[in-house]
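Remarks on the overall topology
Listed below, chain by chain, are the residues.
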Amino acid sequence: MLALIDCNSFYAACEQAFRPDLKNKPVVVLSNNDGCIVAANREAKALKCLNMFDPVFKHKSELVKHGVTVFSSNYALYADMSRRVMNILGRFSSDIEVYSIDEAFVDLAGFDKSDHTAYGTNIRNTILKYTGLPTGIGIGPTKTLAKAANKIAKTFPQKTAYVYSIDSEHKRIKALKWLQLKDLWGIGRRYAKKLNRLGIYTAYELCMLPDDWVRNNMTVVGLKLKQELEGTPCIELEQVRPRKKAIGTAKSFGVKLSDYKLISEALAYYVAEVAEKLRAQNSLAEAMMVFIHTNQFRTKDKQYARNMVINLPRATCSTTELTHFALKALKAIYKPGYNYKKVGVLLAELVNENAVQKDLFADESADIKQRKLMQAMDRINLRFGKGSTLTAACGVRRNKWKLRQQNLSPRYTTSWNELLKVA
DNA sequence: TCTGGGGTCCTAGGACCC
DNA sequence: TCTGGGGTCCTAGGACCC
């Protein structure tokens, strides 16, 4: 049996954990640049008028009217709270897959069958006690059924107390008949629509379809999903996160930008970010894509979007080397006279640093020096905070292009200067 | 005025190899 | 009239996840 532990309204709950005054009050969290609503707690969802991913400016008046507290995204806080939750899970089982920032699969093999729900409740109570974060826990024989059980746990809290286990054939059938296709893990908008047109609305009805049909119309991914719903595990627990195959970043500017120098400084900063992630997973990049575009929502503005792929002359993880090529690409695709909204970089063709063929004629001493420099930078930034050391190409005018974050909460758990004050 | 960001996997078809 | 057989690699597009 597998358990899926998932934090309820994770971002909003992280904010509330340090703001007891907001208990039982509506809270939403916004995307980068305070653009869209990306998280809402139960109280905020109950207002109905706040659609997830709607731009926040469309809801200004409702937010004020209902006294909703609004936060900018505080990823330093969420990442640290996530780490704490995962550490707690580690006490309960050594077989864990951290699936996303707010959920994890836990293998319950070896635990007493009759006690899965009690065990889940124990996990839930421990996380709540140590972090202040409420969770929902679903238990089932496959990942997909654990996901489904989780959905049931969260939908019927009065009946389940946020823990539900699909541990009998009877419960499995009942769950499948209740589960709407659109709520299934692995069924997105497209497939839901397609199946609905054929008169198929529940997970149970999906399972009634012949395997061949599912295979032909929904690829092997759909077939695996069906078999998982039937109780046959097809999706393995991935305890070790595989290395990423691509690492990218692209953030909208807080304001529209036209100036080449400013855009290049933002790009250099993003390159430093992705290069640090690249080194953290011991990979090198063999290719890079740089792109830039204007704001498609400003229909009156002239629009422009372009990208450029560069095959790097050799695999590298050096920020300075990557910056050099990124700026070269930007120079090639930048056109003056546009209001730009976003610039981004994607590192691709990532290879393990130990599996790379070296240049037979290269001067190794320069590489070693460069490697040490990067290690020093990474250590300084880890200890003294993001951006403590940067390349000169990043400039000193971050405030000209950085994210808009007007309702940012303190980094309560990761910065000495921002600790929670108790009066 | 203001509209997110970061990923993965699968398939079909074309180009190419021997 | 008849035109092989067995493969790999790449890409664009479509689907999905959080």
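Everything here concerns the structure above.
Let me begin by describing the structure that accompanies this report. Within each chain, residues carry numbers counting from 1 in the order of the written sequence. As they are written, the chains are lettered A onward and the ligands numbered 1 onward, keeping that order. With pLDDT at 70 or above as the cut-off, local features in this predicted model cover only qualifying residues; side-chain atom pairs require 80 or more to be listed or tallied, and sums for whole chains, interfaces and linings still use all residues. Side-chain numbers here rest on the full set of heavy atoms in the structure, without hydrogens or water.

1. A look at the sheet that holds strand 3 (residues 37-40)
Should DSSP find at least two bridges between two strands, the strands are taken to pair. Starting at the N terminus, helices and strands are each numbered in turn, a helix being any DSSP run of H or I of at least four residues and a strand any DSSP run of E of at least two. With mixed pairing, the 3 strands of this open sheet are ordered in space as 3-2-4. Each edge of the sheet is formed by a strand with only one pairing partner; in this case those strands are strand 3 and strand 4 (69-71). Pairs of neighbouring strands in the sheet enclose a mean axial angle of 25 degrees, with direction left out of account. Judged from the 3 bridges that link them, strand 2 (residues 27-30) and strand 4 form a sheet pairing that is parallel. Opposite Val28, over in strand 4, you have Val70 as the bridge partner. Between two residues, a contact is recorded if the distance between any of their heavy atoms is within 4.5 Å. Interaxial angle, 0 to 180 degrees, is taken between N-to-C directions of lines fitted to C-alpha atoms, where a helix line uses only the stretch in contact. Sitting on the sheet, helix 1 (residues 10-17) touches strand 2, strand 3 and strand 4, and the angle it makes with strand 2 is about 115 degrees.

2. A short note on helix 5 (residues 116-131)
Every helix has an expected span of 1.5 Å times one less than the residues it contains. End to end, helix 5 covers 22 Å across 16 residues, agreeing with the expected 22 Å (1.5 Å per residue, within 8%). Categorising residues by exposure relies on relative accessible area from a 1.4 Å probe, with only protein chains included: less than 20% of the type maximum marks a residue as buried, more than 50% marks it as exposed, and the intermediate range marks it as partly exposed. Every buried residue belonging to helix 5 is among His116, Tyr119, Gly120, Ile123, Arg124, Thr126, Ile127 and Thr131, and all of these are buried. Along the long axis of helix 5, the arc covered by the buried residues comes to 165 degrees, so they all point the same way. Residues of helix 5 that are buried sit in contact with strand 1 (2-7), helix 1, helix 4 (75-92), strand 7 (135-140) and strand 8 (163-165). After helix 5 finishes, the residue Gly132 shows a positive phi value of roughly 80 degrees. Our arc is simply the arc of the directions from the helix axis toward the C-beta atoms.

3. A look at the protein's contact with DNA strand C
If a single non-hydrogen atom of a residue is within 4 Å of a molecule or strand, that residue counts as near it. For DNA strand C, the set of nearby residues contains 13 residues, the closest of which are Lys147, Gly186, Gly188, Arg190 and Tyr191. Counting only atoms of DNA strand C within 4 Å of the protein, the fraction found in sugar and phosphate groups is 100%. In the model, a sugar or linking oxygen of DNA strand C is placed 3.4 Å from a nitrogen or oxygen of the Trp185 side chain. Whenever two N or O atoms come within 3.5 Å, that pair is a polar contact, provided that in protein one can donate a hydrogen and the other can accept it, and provided that, for residues adjacent in sequence, both atoms are side-chain atoms. Separating a phosphate oxygen of DNA strand C from a backbone N or O atom of Gly186 is a distance of 2.9 Å. Those elements giving two or more residues to the surface near DNA strand C turn out to be strand 5 (96-100) and helix 9 (189-197).

4. Here we look at a positive patch on the surface
Here, patches come from residues exposed beyond 30% relative accessible area and free of salt bridges, joined within 9 Å for like charges and within 5 Å for nonpolar side chains (Val, Leu, Ile, Met, Phe, Trp, Tyr). Using a 1.4 Å probe, the Shrake-Rupley method yields the accessible areas, and only the shown protein chains count as cover for residues. Counted as salt bridges are all cases of a side-chain nitrogen of Lys or Arg within 4 Å of a carboxyl oxygen of Asp or Glu. Charge counting treats Lys and Arg as positive and Asp and Glu as negative, with His and both chain ends excluded. Charge placement uses NZ in Lys and CZ in Arg. For Asp and Glu, CG and CD serve respectively. A cluster of basic residues, Arg189, Arg190, Lys193 and Arg197, forms a positive patch at the surface. Within the fold, Arg197 resides in helix 9. Assessed through its relative accessible area of 66%, Arg197 is described here as exposed.

5. Let's talk about the pattern of salt bridges
Scanning all chains against the criterion turns up 23 salt bridges. For Glu265, the salt bridge identified is with Lys261, shortest N-O distance 3.5 Å. With Glu265 and Lys261 both in helix 12 (residues 260-280) and 4 residues apart, this pair spans about one turn of that helix. One salt-bridge network, in which partners are shared between bridges, spans Asp80, Arg83 and Arg84.

6. Some details on the sheet that holds strand 7
Adjacent strands of a sheet form backbone hydrogen bonds with each other and so pair up, either parallel or antiparallel. Ordered by their spatial adjacency, 5 strands build an open sheet running 5-6-1-7-8, and the pairing between neighbours is mixed. Pairing within the sheet leaves two strands with one partner each, and these edge strands are strand 5 and strand 8. Pairwise comparison of adjacent strand axes, ignoring direction, gives a mean angle of 15 degrees for this sheet. Pairing between strand 7 and strand 8: 3 bridges, direction parallel. Of the residues in strand 8, the one forming a bridge with Gly138 is Tyr164. Set on the sheet, helix 5 makes contact with strand 1, strand 7 and strand 8; between it and strand 7 the angle comes to about 155 degrees.

7. Examining the pairing of strand 7
Among the 6 residues that make up strand 7, 6 are buried, leaving the element largely enclosed by the rest of the structure. Side chains Thr135, Ile137 and Ile139 project from strand 7 onto one buried face, and the interleaved Gly136, Gly138 and Gly140 project onto a second face that is buried too. Relative to strand 7, strand 1 runs antiparallel, the two being bridged by 6 bridges. Each residue of the ladder has a partner; that of Leu4, found in strand 7, is Gly138.

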